[in-house]
Amino acid sequence: MRLPIGLKVGAFAVVVMGGYSWFANSIPQIESKPPQELSLEGGNVTQAQLVKAGEEIYHTKGTCEICHRIGQQGTRAPDLAGVGARAAKRKPGTSAKAYIIESLLAPQAYVVEGYPPIMPAVDKPPIALNRSELWALTAFLESLGGTVDVTLNDIPATAGAAAAGGGAAEVKIPGDPKQGELVFQGKGTCIACHKAGKIGASPVGPDLSQIAKIQTPDYIMKKILDPKGMGTVAGFPPGVMPQDLGTRLAAKEYVDLVAFLLTLK
Ligand code: HEC
Ligand code: HEC
């Protein structure tokens, strides 16, 4: 038996709303919870339901709020208020809808001035949204000042492939997270500038408590070796993160450290 789609979306909303809470302090935190899968394919869904589902994904599984805010500058990313309107003017010849979809699937194709190219493709791990979720999220972003006109067919069939079939392959780093935590606190001196879960409190650099939830292992690894080359996280001073960690840390210390950072979610 198949549930009517409205009911599915409704149930999704209740589950997500129930599990969701966030702490409105200066350091964005999103409560950890098992990802919900939203499937809207093949059903009738009203535009209002779609926008609402997209808003919930924005607040929860999308983890967008670790970087973005609406109506306020985020720690790491542009304010998304009015993005539905300005999306039409970002790239000449590209519609608002096409721009928004591109900014989710290929964020590096157009990098907003003043920001580093650190947004991960949200249909890939660690965020790994599926096609329905991308559809709903696009509708929600369009609703922020623009016209909601996205259909499921606008989302490329290949999008979210990593999310299909129950989740993304975990990247295995052959390091020891316990040893890595010691490197974080000791030789790496990371703790002088970063908070990471229960350890640390310094606000000099971004809070890394959920870094593995929003960033790829690739970004995390490169950021340690070449902080400047990876761009400066918005709202933080450039050139403060030491540039010589790659030469100061032994290979094993580096791998252990990365393994530790990948536990932060
Ligand atoms: C790791 C931080 C990070 C996460 C997580 C993140 N973004 Fe971004 N996003 C950015 C940054 C930085 C930019 C600006 C640079 C660029 O254009 O790539 C950006 C740009 C954008 C833009 C273009 C804005 C404009 O004014 O043109 C949109 C739309 C957007 N993000 C939506 C989202 C959504 C929706 C999510 C959640 C599914 C998300 N982002 C998750 C960092 C992030
Ligand atoms: C002297 C202060 C300082 C030290 C020490 C330091 N960092 Fe940073 N780090 C920063 C600052 C400031 C930023 C943000 C500006 C930038 O992007 O360069 C940053 C950014 C980062 C980011 C990117 C965060 C994001 O949200 O995208 C990661 C990951 C990171 N640091 C990891 C580390 C690790 C691991 C160590 C220890 C090996 C370390 N840092 C040591 C200051 C520091």
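In this report, the structure presented in the accompanying data block is examined. (Residues numbered from 1 in each chain as written. Chains lettered and ligands numbered in written order. Predicted model: local features only at pLDDT ≥ 70, side-chain atom pairs only at ≥ 80, totals over all residues. Heavy atoms only, no water.)

### Quick word on the overall build of the protein
To keep things clear, this is the line we draw: The secondary structure listing takes helices from DSSP runs of H or I that are at least 4 residues long and strands from runs of E that are at least 2 residues long, numbered from the N terminus. Throughout this description, buried means an accessible area under 20% of the type-specific maximum (1.4 Å probe, protein chains only), exposed means over 50%, and partly exposed covers the range between. In what follows, residue pairs with any heavy atoms lying within 4.5 Å of each other are defined as contacts. Here the accessible surface of atoms and residues is derived via Shrake-Rupley with a 1.4 Å probe, and residues count as covered only by protein chains that are part of the display.
Tallying secondary structure elements over the protein gives ten helices and zero strands in all. A buried classification covers 45% of the 265 residues belonging to the protein. At a minimum sequence separation of 6, the contacts of the protein that also span at least 24 residues come to 63%. Accessible area of the protein: about 13000 Å², with a carbon and sulfur share of 61%.

### Quick look at the site of ligand 1
Inclusion rule: We call a residue near a given molecule or strand whenever any one of its heavy atoms falls within 4 Å of it. In protein, a polar contact means a hydrogen-donor-capable atom and an acceptor-capable atom, both N or O and within 3.5 Å, with residues adjacent in sequence counting only if both atoms are side-chain atoms; elsewhere, any N or O pair within 3.5 Å suffices. Side-chain classes are defined by residue name, with Ala, Val, Leu, Ile, Met, Phe, Trp, Tyr, Cys and Pro counting as nonpolar, Asp, Glu, Lys and Arg as charged, and the others, Gly among them, as polar.
Lining the immediate environment of ligand 1, one finds 28 residues, of which Cys64, Cys67, His68, Tyr99 and Met119 sit closest. One of the backbone N or O atoms of Tyr110 is found 3.2 Å from an oxygen atom in ligand 1. Where the shell around ligand 1 is concerned, the elements lending two or more residues are α3 (83–90), α4 (96–105) and α5 (131–143). Broken down by class, the residue content of the shell around ligand 1 amounts to 20 nonpolar, five polar and three charged.

### Let's talk about the nonpolar core
Using the following cut-off: Nonpolar cores are built from buried Ala, Val, Leu, Ile, Met, Phe, Trp, Tyr and Cys residues. Side-chain atoms within 4.5 Å join them into one set.
Ranked by internal contacts, the top residues of the largest apolar core, which has 35 residues, are Trp135 and Leu141. Where this core is concerned, the elements lending two or more residues are α2 (47–59), α3, α4 and α5. Among residues more than four places away in sequence, those in contact with Leu141 are Leu80, Val83, Gly84, Ile100 and Leu104.

### Thoughts on the coordination of the iron atom of ligand 1
Convention followed: A 2.8 Å cut-off from the metal defines N, O and S donors, relaxed to 3.2 Å for Na, K and Ca; water is not in the atom list, so some sites may appear incomplete. Any site counts as irregular unless it has four donors with all angles between 85 and 135 degrees, making it tetrahedral, or four or six donors with opposite ones more than 155 degrees apart and the rest between 65 and 115, making it square planar or octahedral.
For the iron atom of ligand 1, the protein coordination sphere consists of His68 (NE2) and Met119 (SD), at 2.0 to 2.1 Å. Because the angles between the six donor atoms bound to the iron atom of ligand 1 fall within 87 to 180 degrees, the donor set is best described as octahedral. With His68 in the loop between α2 and α3 and Met119 in the loop between α4 and α5, this pair connects stretches of sequence that are 51 residues apart.

### Considerations on unusual backbone geometry
Most peptide bonds adopt trans geometry, and most residues besides glycine take a negative phi value. Cis geometry marks the peptide bond from Pro125 to Pro126; its omega dihedral reads 5 degrees. For Pro126, the position within the fold is in the loop between α4 and α5. Positive phi values are uncommon outside glycine, yet Ala128 reaches one of about 50 degrees. Counting through the fold element by element, Ala128 comes out in the loop between α4 and α5. For Thr189, which is not a glycine, the phi torsion comes out positive at approximately 55 degrees. Within the secondary structure, Thr189 sits in the loop between α6 (177–185) and α7 (211–214). Look at Thr189 and you get partly exposed, because its relative accessible area is 38%.

### Some thoughts on the coordination of the iron atom of ligand 2
Those protein atoms acting as donors to the iron atom of ligand 2 are His194 (NE2) and Met241 (SD), and they sit at 2.0 to 2.2 Å. For the iron atom of ligand 2, the six donor atoms in the first shell make angles of 82 to 179 degrees at the metal, so the coordination geometry reads as octahedral. Here the residue His194 occupies a position in the loop between α6 and α7, and Met241 occupies one in the loop between α8 (217–225) and α9 (245–248), the gap between them amounting to 47 residues.

### A short note on the pattern of salt bridges
As a reminder of what qualifies: The rule for a salt bridge is simple: a side-chain nitrogen of Lys or Arg has to be within 4 Å of a carboxyl oxygen of Asp or Glu.
Here the structure, examined in full by the defined rule, presents nine salt bridges. For the salt bridge of Asp218 with Lys222, the shortest nitrogen-to-oxygen distance reads 3.0 Å. Of this pair, Asp218 and Lys222 both sit in helix α8, four residues apart, roughly one helical turn. Judged by relative accessible area, Asp218 falls into the partly exposed class, the value being 39%. Residue Asp256 is joined to Lys252 by a salt bridge in which the shortest nitrogen-to-oxygen separation is 2.6 Å. With a gap of four residues between them, Asp256 and Lys252 both fall in helix α10 (residues 251–261), about one helical turn apart.

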